[in-house]
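Residues per chain are reported as follows:
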Amino acid sequence: MLAFILLLLLSMLVSIDAFAIGFLFGLKKIRIPLIVVAMIALFSAFVVFFSMGIGRFIGDFVPTNVIQTGAGILLIGIGIFNLIYDLPLYRRSYFVMIALLMNVDSFGYGIQAGLAERSFWFAPLAGIIIFGAFIIGVIQGHETKSRFILRYMSVIPSILFLLLGFSKLLF
């Protein structure tokens, strides 16, 4: 039972990025087909499963903090780029980039779970929770009526990417 609770908490940790990115899409009132969200979640589950296998295979050769640092730097880079250029969130290529960025982090968590020899049930559980977190994020972003958030909506995605990136570097 304790192992399942640990896997659930780890899955929720992986899904924080999905919630934040879904919130950004909701703020911009961008409609995302449910199949795209399902594909992102399925891709995330596959990445976690694959990275857990790598984690079990490589053992102690590669420090997982290197992967966390890489994910943080990528997210900070996207945040800075988005401050300079307004990225069109409605393009399909942006969905692919979001899926890849979310999964750099999932890759790191998967390797950590593999190194700790956690159950491979972490992968489908993470995919399901990522799906739900993304949907809840879109709904919450769409329903937000805060004048402050709506007024500064053009810089909020950049700030959130920067915060996510710095959180990967610091924690």
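Residues numbered from 1 in each chain as written. Predicted model: local features only at pLDDT ≥ 70, side-chain atom pairs only at ≥ 80, totals over all residues. Heavy atoms only, no water.

Trainee: Looking at this structure, I do not really get the nonpolar core. What am I missing?
Mentor: Generally speaking, a soluble globular protein has its nonpolar side chains buried in company with each other. Membership of the largest hydrophobic core comes to 39 residues, with the highest contact counts inside it found for Ile-21, Phe-25, Ile-32, Met-102, Phe-122, Phe-134 and Phe-161. Elements with a contribution of two residues or more to this core: helix H1 (2-14), helix H2 (16-27), helix H3 (34-58), helix H4 (64-84), helix H5 (92-115), helix H6 (122-143) and helix H8 (156-170). In terms of residues, this core owes the most to one element, H6, which gives nine residues. Apart from residues no more than four positions distant in its own chain, Ile-21 is found in contact with Ile-98, Met-102, Phe-134 and Phe-161. (Core = buried A, V, L, I, M, F, W, Y, C linked by side-chain atoms within 4.5 Å. Buried < 20%, exposed > 50% of the residue type's maximum accessible area, 1.4 Å probe, protein only. Helix = DSSP H or I, 4+ residues; strand = E, 2+ residues; numbered from the N terminus. Contact = heavy atoms within 4.5 Å.)

Trainee: How should unusual backbone geometry be read in this particular structure?
Mentor: Trans is the common state for peptide bonds, and a negative phi is the common state for residues other than glycine. At Lys-29, a position not held by glycine, the phi torsion is positive, near 55°. Take Lys-29: it is sitting in the loop between H2 and H3.

Trainee: Help me understand the packing of H3 against H6 in this model?
Mentor: Two numbers describe a pair of packed helices, the interaxial angle and the distance between the axes. Close contact between H3 and H6 brings their axes to 8 Å; oriented N to C, the two are set at 150°. Here H3 is positioned roughly antiparallel relative to H6, judged by the angle of their axes. For the element pair H3 and H6, the recorded crossing hand is right-handed. Judged by residue contacts, Leu-34, Val-37, Ala-38, Ala-41, Ser-44, Ala-45, Val-48, Phe-49 and Met-52 of H3 engage Phe-122, Ala-123, Pro-124, Ala-126, Gly-127, Ile-130, Phe-131, Phe-134 and Ile-135 from H6. Tallied by class, the residues present in the contact of H3 with H6 amount to 16 nonpolar, two polar and no charged. (Axes fitted to C-alpha atoms, helices over the stretch in contact; angles between N-to-C directions. Parallel < 35°, antiparallel > 145°, perpendicular 65-115°, else oblique. Left-handed = near helix turned anticlockwise from the far one by under 90°. Nonpolar A, V, L, I, M, F, W, Y, C, P; charged D, E, K, R; others polar.)

Trainee: Sorry if this is basic, but what is going on with the environment of Met-52 here?
Mentor: With respect to the secondary-structure elements, Met-52 resides in helix H3. Relative accessible area serves as the criterion here: at 0%, Met-52 is assigned to the buried category. When the C-alpha atoms of Met-52 and Ser-119 are compared, they prove to be 9.1 Å apart, with 67 residues separating the residues in sequence. Setting aside chain neighbours within four positions, we find Met-52 in contact with Gly-110, Ile-111, Ala-113, Gly-114, Arg-118, Ser-119, Phe-120 and Phe-122.

Trainee: Whenever I open this one, the side chain of Ser-15 confuses me. Can you help?
Mentor: Mapped onto the secondary structure, Ser-15 falls in the loop between H1 and H2. Overall, the relative accessible area of 6% leaves Ser-15 in the buried class. A distance of 2.8 Å separates the side chain of Ser-15 from the backbone oxygen of Met-12, its partner in a polar contact. Excluding residues that lie within four positions of it along the chain, Ser-15 makes contacts with Ile-129, Ile-130 and Ala-133. (Polar contact = N/O pair within 3.5 Å; in protein donor to acceptor, adjacent residues only side chain to side chain.)

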